[in-house]
Amino acid sequence: IKTPCSNCSGVGQVRKKQRVKLPIPAGIDNGVSLKMSGYGDAGLHGGPAGALYVFIEVEPHPLFNRDGDDLLLDLPLTISECALGAKKEIPSLLESAVSKLIIPEGTQSGKVFRVRSAGLPSVHGRGKGDLLIRAVIETPTHLSSKQKTLFKELAKEEESMQFPAKKSFLEKAKELFSKSTSKT
């Protein structure tokens, strides 16, 4: 090229920055790429522009975790709330309203409550996931002397209480122990 263009120096392409509005569909997840045809680098020898690929990284939420379209929430509960039952307000990610959840009497740690269609919208536009709320019993710390006394009284009463998981665990442990001693 005897007289190259002052803009491209004879290459035939000029680098330019361009602002692009990219519609992000509701419910999109980490690692998904979005393609915008015609917004990539210019084609060779006057060919059409390529595609722009945008890879999505969703920022983690301080309360909610995600499993597909389902939202997972660990709900800290006290021992008395699980034993006696309670009504709890549950935050929602997508709405400003709060949901009410009834914790039934005798709820065990790890019990999962399902609120249908309270999760994320499907990126494919069909329905919503569920909100899964897991009961997590929180043990109190820094007890006063009165609180310690009350817990000691409760501990004495535990002998007459029913603990289904503890009973099942002890039965399984005894069964395993008896099998291992009978083999020797």
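Each chain carries its own residue numbering, running from 1 in the written order of its sequence. A pLDDT threshold of at least 70 governs which residues receive local features in this predicted model, and a stricter bar of 80 or more applies before side-chain atom pairs are shown or counted, although totals over entire chains, interfaces and linings include all residues. Hydrogens and waters are ignored; side-chain quantities use all the structure's heavy atoms.

1. Notes on the overall build of the protein
Helix and strand assignments come from DSSP, with helices taken as H or I runs of at least 4 residues and strands as E runs of at least 2, each series counted from the N terminus. On a plain count of helices and strands, the protein comes out with 3 helices and 8 strands. Ordered by position from N to C terminus, the α and β elements of the protein give β-β-β-β-α-β-β-β-β-α-α. All radius of gyration figures rest on C-alpha atoms, and the globule criterion is 2.2 Å times the number of residues raised to 0.38. Taken over the C-alpha trace, the protein has a radius of gyration of 30 Å; the compact-globule value for 184 residues is 16 Å, which it surpasses by more than 25%. Seen through its C-alpha atoms, the protein measures out along the principal axes to roughly 100 × 55 × 35 Å. Residue exposure (1.4 Å probe, protein chains only): buried if accessible area is under 20% of the type maximum, exposed if over 50%, otherwise partly exposed. Expressed as a percentage of the 184 residues in the protein, the buried residues total 17%. Contacts were defined at the residue level, with two residues in contact if any of their heavy atoms lie within 4.5 Å. For the protein, long-range pairs separated by at least 24 residues make up 44% of all intrachain contacts whose partners lie at least 6 apart in sequence. Note on areas: these come from Shrake-Rupley sampling with a 1.4 Å probe, and a residue is covered only by the protein chains present in the view. By element, 54% of the accessible surface of the protein is carried by carbon and sulfur atoms, the whole surface being about 14,900 Å².

2. Quick word on the pattern of salt bridges
Salt bridges, as used here, are contacts in which a Lys or Arg side-chain nitrogen is within 4 Å of a carboxyl oxygen on Asp or Glu. A complete count under the given rule lists 6 salt bridges for this structure. For Glu-89, the salt bridge identified is with Lys-100, shortest N-O distance 3.0 Å. Residue Glu-89 is found in strand E5 (residues 86–90), and its partner Lys-100 is found in strand E6 (residues 99–103); the two are separated by 11 residues along the sequence. For Glu-89, a relative accessible area of 52% gives the class exposed. Its salt-bridge partner being Asp-130, residue Arg-114 comes within 2.7 Å of it at the nearest N-O pair. Separated by 16 residues along the polypeptide, Arg-114 in strand E7 (residues 112–115) and Asp-130 in the loop between E7 and strand E8 (131–137) bring together distant segments of the chain. With a relative accessible area of 11%, Asp-130 lands in the buried category.

3. Some words on the sheet that holds strand E4 (residues 70–77)
Should DSSP find at least two bridges between two strands, the strands are taken to pair. One open sheet holds the 4 strands; their spatial order is E3-E4-E8-E7, and the pairing between them is mixed. Of all the strands in the sheet, just strand E3 (64–67) and E7 have a single pairing partner and so form its edges. Across this sheet, the average inter-strand angle for adjacent strands is 30°, counted without regard to direction. In this structure, E3 lies alongside E4, joined through 4 bridges in antiparallel fashion. Bridging from a neighbouring strand, Asp-67 pairs with Asp-70 of E4. Angles run from 0 to 180 degrees between N-to-C directions of axes, and those axes are lines fitted to C-alpha atoms, restricted for helices to the stretch in contact.

4. Digging into the packing of aromatic side chains
Aromatic pairing here means that ring centres of Phe, Tyr or Trp (its six-membered ring) are within 6.5 Å. Orientation follows from the plane angle: under 30 degrees is stacked, over 60 is edge-to-face, and everything else is tilted. In total, this model carries 0 aromatic pairs according to the counting rule given. Criterion for a charge above a ring: Arg CZ or Lys NZ at most 6 Å from the ring centre, at most 35 degrees from the ring normal. Its guanidinium or amino end placed over the ring of Phe-113, Lys-111 lies 5.5 Å from that ring's centre, counting from NZ or CZ.

5. Comments concerning a negative patch on the surface
A cluster of acidic residues, Glu-153, Glu-157, Glu-158 and Glu-159, forms a negative patch at the surface. Among the secondary structure elements, Glu-159 is positioned in the loop between helix H2 (145–157) and helix H3 (164–183). By relative accessible area, Glu-159 is classed as exposed at 75%. Residues qualify for a patch when their relative accessible area is over 30% and they have no salt bridge, like charges being joined within 9 Å and the nonpolar side chains of Val, Leu, Ile, Met, Phe, Trp and Tyr within 5 Å. When charges are counted, neither His nor the chain ends are considered; positive counts come from Lys and Arg and negative counts from Asp and Glu. To locate a charge, take atom NZ for lysine, CZ for arginine, CG for aspartate or CD for glutamate.

6. A few points about a nonpolar patch on the surface
A surface patch of nonpolar side chains, amounting to about 440 Å² of accessible area, comprises Ile-79, Ile-137, Phe-151, Leu-154, Met-161 and Phe-163. Looking at the secondary structure, you find Met-161 in the loop between H2 and H3. Among the residues examined, Met-161 registers a relative accessible area of 36% and is labelled partly exposed.

7. Quick look at the environment of Leu-34
Examined against the element boundaries, Leu-34 turns out to sit in strand E1 (residues 33–37). Separated by 107 residues in sequence, Leu-34 and Thr-141 place their C-alpha atoms 48 Å apart. Excluding its chain neighbours within four sequence positions, the residues that come into contact with Leu-34 are Leu-22, Pro-23, Ile-24, Pro-25, Ile-28, Leu-52, Tyr-53, Val-54 and Ile-56.

8. Things to note about the nonpolar core
Buried residues of nine kinds, namely Ala, Val, Leu, Ile, Met, Phe, Trp, Tyr and Cys, make up a nonpolar core once their side-chain atoms join them within 4.5 Å. By size, the foremost hydrophobic cluster in this structure holds 15 residues, and its most contacted members are Leu-75, Ile-90, Leu-101, Ile-103, Leu-131 and Ile-133. Counting only elements with at least two residues in this core, the list comes to E4, E5, E6 and E8. Sorting elements by how many residues they give to this core places E4 first, with 4 residues. Once residues lying within four places of it in the same chain are set aside, the contact partners of Ile-103 are Leu-75, Leu-77, Glu-81, Gly-85, Ala-86, Lys-88 and Phe-113.

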